[in-house]
Amino acid sequence: MPVTSSSDVAILTVGVVLAGAYLFRDQIFSSKQKVVPAAPTKVSNGHSNPRDFVAKMKEGKKRIVIFYGSQTGTAEEYAIRLAKEAKSKFGLSSLVCDPEEYDFENSDQIPEDSCVFFVMATYGEGEPTDNAVQLMQNLTDQSFEFTNGEHKLEGLKYVVFALGNKTYEHYNAIGRNVDTELTKMGAVRIGERGEGDDDKSMEEDYLAWKDGMWEAFAEAMGVEEGQGGDSPDFTVTELDSHPSEKVYLGEYSVRALTKTKGIHDAKNPYASPVSVSRELFKVSANRNCVHMEFNIEGSGITYQHGDHVGVWPSNPDVEVERLLCVLGLGDKKDTVINIDSLDPALAKVPFPVPTTYSAVLRHYIDISAVAGRQVLGVFSKFAPSPEAEAFLKKLSSDKEEYAAVVTNGCFKLGEVLQLAAGNDISVFPTTDNTTVWSIPFDIIVSSIPRLQPRYYSISSSPKLHSTTIHVTAVVLKYDSVPNSLSPARSVYGVGTNFLLNVKHAVNGEPVTSLPSYAIEGPRGAHKDETLYKVPIHVRRSTFRLPTNPKSPVIMIGPGTGVAPFRGFVQERVALARRTIEKNGPDALNDWGTVSLFYGCRKSTEDFLYSEEWPQYIEDLKGKFKLQCAFSREPPYKPDGSKIYVQDLIWDDRKNIADAILVGKGYIYICGDAKSMSKAVEEVLMRILGEAKGGSAEVEGAAEIKLLKERSRMLLDVWS
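A quick note: this is a predicted structure, and the numbers were derived from the prediction, not measured.

Visitor: Mind laying out the overall build of the protein, listing which residues take part and the relevant values?
Guide: A count of helical and extended segments in the protein gives 23 helices and 24 strands. Computed over the C-alpha atoms, the radius of gyration of the protein is 29 Å, within 12% of the 27 Å expected from 2.2 N^0.38 for a compact globule of 719 residues. Expressed as lengths along the three principal axes of its C-alpha atoms, the size of the protein is roughly 95 × 95 × 65 Å. A burial count over the protein gives 50% of its 719 residues as buried. Of the contacts formed within the protein by residues at least 6 apart in sequence, a portion of 76% connects residues at least 24 apart. Total accessible area on the protein is roughly 33700 Å²; 52% of this is exposed by carbon and sulfur atoms. Counting 79 positive and 96 negative side-chain charges, the protein places the averaged centre of each group 3 Å from the other.

Written out as structure tokens, the structure reads:
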């Protein structure tokens, strides 16, 4: 054992003292005492549990708590709007909460003079959004006890606004379930339950519901309108000097800004190199469908067949320039700004800061959507003339006029403001041809929702393409309805036209009449010579093949509804190759048949992946069957009408009934929810009802219901 001398100890002691003096030099030698904030305690912050929303309500003297179940951000936007209206109408502050961040055991301790709002979207097949799963379990589980020892919330006052789409079978199921369960527990609803239909107009449904709700709210809560007032949510400060490398110019996270590694998700999308990009439609189709492959090698991103990929587009150049001109920010577009929330519990700054005016309009807020009616009322007070003010007030107060002009005309916010001021929207906006509106930028941030990612069904399988994610996207372009202010004009979808711009750039193709985008990304980070990158993340799905290949599979996917089924077939091909390699050429004999019913207009124009299917049929040794309906080419029905996928399904009814009822097979539908999906379900009800010796309405409907309950019939549809 080493022996330590006294001199060693002395030297060591001096070293420790000097090190301590260096570490604490500010406290020892500074003439000005540094104030160190006390660590949070139960006494200082009012509560010790960050998941205790009741304590936060009491501490912040908030009589309203608003929970939102949101998958794409829409429900969160409406939750914030309700909080703002409660404050402006009644002077009441709200706590806006993501339910997955809180516990609900003490919900019975919500003060009697308070109210709970539930703004709940329905996702998929009547499922709660990811962030509302635990909340729904707590509400529906009869064994879940609150602090009173019971599953009771006697006298709790609540409000429900449900968000859904009527083209889906389980329309607003989650909002309705919340209402039902709370009533069972003795809670008392204020006003009628609001139900928004995204297939028609979520905004109009909300506006029609909220006034009556607020009247009932005022009576139940004992408050009077007029006790609040218009107060800003944010302050916007222009910064004279700030390190340029710390300014967000379109980056979505601090990791992206600092180029540090981390998990890639919806809060930190991955700038994925585009390895392949090609046109799937023939020139004669006069439409575009982009096939794009995103390279995820080394990113840490994984996916499964049936998942969705979120693509983060930017707004087109023309709309960015239009609002810069309208707001009088053309000369200040690159000015660095910081944004602070005046009430973080009510309204969080929706994007990273500091940033610039231009970056906000290009990357962070949705200026490409049709202008909302309520927003036009807010902006009317900043009009540059009495005529412009009257124009906006008319649109905001008259929903028929708004529908005829704004909705039918598909006018974006910048366009409406230009039209109100008498500007010509048919020419590219400049400071010379655009009237300036004195709208404070904090109002812009408060009023316009965040630009959201666009989701696409992944059209590949990681079993064959482990390092790439494939997307199949029809480019959205259509004509608006002509009106008194504008003739019919082309309207372009943001996400798919962004991808089309990327495709043109990747392949060196000329861009003619399309809206242009800053696809190089912030600081040129999305371009490296001829290589382009697109920000993406993966969203998990339950749209999966059965694990047992012996189960028959029926897939119905016309148009780009075929996208996930390309991934499904690739998944089966990969398994088949391994199985044959291991067990010989007859290894697939007991496999169930995979049937794909596909439809498009013409086999010569828009038949997606026509060159791939024959190889898949060969790989699966007859266990994959493809049936196609080409609606705009012969053969037609005897009466001359078009043939669609539902007609093919009916013609194959004997095999389908046998696969489902005898083979215990699975059904998958992907594509249009409004017409195709309903028509397919109706013919399946008829097939199964007749096969069971009954009718479509009784036996058929019961069988479809059972298949869905047992996850043997799955839908991935959109409207």
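So that's the structure; there's more coming.
Visitor: Quick rundown of the packing of helix 12 (residues 373-380) against helix 13 (residues 386-397)? Include the residues and the values.
Guide: Interaxial distance between helix 12 and helix 13 falls to 8 Å at its minimum, and their mutual angle equals 150 degrees. As judged from the angle between their axes, helix 12 and helix 13 are roughly antiparallel. Of the two elements, helix 12 crosses helix 13, and the hand of that crossing is left-handed. Contact residues: helix 12 offers Arg373, Leu376, Gly377, Phe379 and Ser380, while helix 13 offers Glu389, Leu392, Lys393, Leu395, Ser396 and Ser397. By residue class, the composition of the contact of helix 12 with helix 13 is four nonpolar, four polar and three charged.

Visitor: Any details on the sheet that holds strand 23 (residues 666-672)? Residues and values, ideally.
Guide: Ordered in space as 22-21-20-23-24, the five strands form an open sheet in which the pairing is parallel. Edge positions in the sheet fall to strand 22 (624-630) and strand 24 (713-718), since each of these pairs with one other strand and no more. In this sheet, adjacent strand axes meet at a mean angle of 10 degrees when their direction is disregarded. Relative to strand 22, strand 21 (residues 594-600) runs parallel, the two sharing seven bridges. Paired with Gly599 across the bridge in strand 22 is Ala629.

Visitor: Tell me what's going on with the packing of aromatic side chains, and back it up with residues and numbers.
Guide: Counted by the stated rule, this structure contains 30 aromatic pairs. Judged by centre distance (4.9 Å) and plane angle (85 degrees), the ring pair of Tyr357 and Phe441 falls under edge-to-face. Of this pair, Tyr357 sits in helix 11 (residues 357-364) while Phe441 sits in helix 16 (residues 441-447), placing them 84 residues apart in sequence. The burial state of Tyr357 is the same as that of Phe441; both residues are buried. Between Tyr598 and Phe607, the ring centres sit 5.5 Å apart and the planes meet at 25 degrees, which makes this aromatic pair stacked. On the accessibility criterion, Phe607 (14% relative accessible area) is buried.

Visitor: Any chance you could break down the sheet that holds strand 12 (residues 336-341) for me, citing the residues and the numbers?
Guide: One open sheet holds the three strands; their spatial order is 8-12-13, and the pairing between them is antiparallel. The open sheet is flanked by strand 8 (234-238) and strand 13 (355-356), the only strands paired with a single partner. As paired elements, strand 12 and strand 13 share two bridges and run antiparallel to each other. Counterpart to Val336 in the pairing with strand 13 is Thr356.

Visitor: Requested: an account of unusual backbone geometry, with residues and values cited.
Guide: A cis amide bond, omega 0 degrees, links Val353 with the succeeding residue Pro354. Among the secondary structure elements, Pro354 is positioned in the loop between strand 12 and strand 13. Along the chain, Pro634 connects to Pro635 via a cis peptide bond; the corresponding omega equals 0 degrees. Looking at the secondary structure, you find Pro635 in the loop between strand 22 and helix 20 (645-651).

Visitor: How would you summarise helix 14 (residues 399-409) if you had to cite specific residues and measurements?
Guide: Turning to helix 14, its buried residues number three or more, namely Tyr402, Val405, Val406 and Gly409. Viewed along the axis of helix 14, the buried residues span an arc of 105 degrees, placing them on a single side of the element. If you follow the buried residues of helix 14, they end up packed against helix 8 (202-221), helix 12, helix 13 and helix 15 (413-420). N-capping of helix 14 is provided by Asp398, with a side-chain oxygen placed 3.1 Å from the backbone N of Glu400. Just downstream of helix 14 lies Cys410, where phi reads positive at about 55 degrees.

Visitor: Talk me through the pairing of strand 23; I want residue IDs and the actual numbers.
Guide: For strand 23, the buried fraction is high: five of the seven residues fall into the buried class. As paired elements, strand 20 (residues 553-556) and strand 23 share four bridges and run parallel to each other. Following the sheet pairing, Ile556 is matched in strand 23 by Ile669. In terms of strand pairing, strand 23 meets strand 24 through six bridges, oriented parallel. Its bridge partner lying in strand 24, Ile669 is registered against Leu715.

Visitor: Explain the packing of helix 6 (residues 133-140) against helix 7 (residues 173-184) to me, using residue names and the numbers behind them.
Guide: One can describe the packing of helix 6 onto helix 7 by two numbers: an axis separation of 9 Å at closest approach and a directional angle of 35 degrees. Classified by chirality, the crossing of helix 7 by helix 6 is left-handed. Between helix 6, through Met136, Leu139 and Thr140, and helix 7, the contact on the second element is made entirely by Ile174, Asn177, Val178, Glu181 and Leu182. Grouping the constituent residues of the contact of helix 6 with helix 7 by class yields five nonpolar, two polar and one charged.

Visitor: Which residues make up the pairing of strand 7 (residues 194-197), and what values go with them?
Guide: Residues of strand 7 alternate between two faces, with Gly194 and Gly196 on one and Glu195 and Asp197 on the opposite face, all of them buried. In terms of strand pairing, strand 5 (residues 157-164) meets strand 7 through four bridges, oriented parallel. Looking across to strand 7, one finds that Leu163 is bridged to Gly196.

Visitor: Hey, could you go over the environment of Ile617 for me, with residue numbers and the actual values?
Guide: Within the fold, Ile617 resides in helix 19 (residues 613-619). Classification of Ile617 by relative accessible area gives partly exposed; the value is 32%. When the C-alpha positions of Ile617 and Val569 are compared, they lie 9.4 Å apart, and in sequence the two are 48 residues distant. Setting aside residues up to four positions removed in sequence, Ile617 forms contacts with Gly622 and Phe624.

Visitor: Please give an account of helix 22 (residues 676-691) that cites residues and values.
Guide: Look at helix 22: 23 Å from first C-alpha to last across 16 residues, which is about the 22 Å you get at 1.5 Å a residue. Regarding helix 22, the residues found buried are Met676, Ser677, Ala679, Val680, Glu681, Val683, Leu684, Ile687, Leu688 and Gly689. Where the residues of helix 22 are buried, they touch strand 20, helix 20, helix 21 (653-662), strand 23, helix 23 (696-709) and strand 24. Where helix 22 terminates, the next one or two residues include Gly693, which has phi positive at roughly 75 degrees.

The rules behind the values
Residues numbered from 1 in each chain as written. Predicted model: local features only at pLDDT ≥ 70, side-chain atom pairs only at ≥ 80, totals over all residues. Heavy atoms only, no water. Helix = DSSP H or I, 4+ residues; strand = E, 2+ residues; numbered from the N terminus. Rg over C-alpha atoms; globule rule 2.2 N^0.38 Å. Buried < 20%, exposed > 50% of the residue type's maximum accessible area, 1.4 Å probe, protein only. Contact = heavy atoms within 4.5 Å. Areas by Shrake-Rupley, 256 points an atom, 1.4 Å probe, with all protein chains shown as cover. Lys, Arg positive; Asp, Glu negative; His and termini not counted. Charge placed at Lys NZ, Arg CZ, Asp CG, Glu CD. Axes fitted to C-alpha atoms, helices over the stretch in contact; angles between N-to-C directions. Parallel < 35°, antiparallel > 145°, perpendicular 65-115°, else oblique. Left-handed = near helix turned anticlockwise from the far one by under 90°. Nonpolar A, V, L, I, M, F, W, Y, C, P; charged D, E, K, R; others polar. Pairing = 2+ DSSP bridges. Phe/Tyr/Trp six-rings, centres within 6.5 Å; stacked < 30°, edge-to-face > 60°. Arc of directions from axis to C-beta. Polar contact = N/O pair within 3.5 Å; in protein donor to acceptor, adjacent residues only side chain to side chain. Expected span 1.5 Å × (residues − 1).

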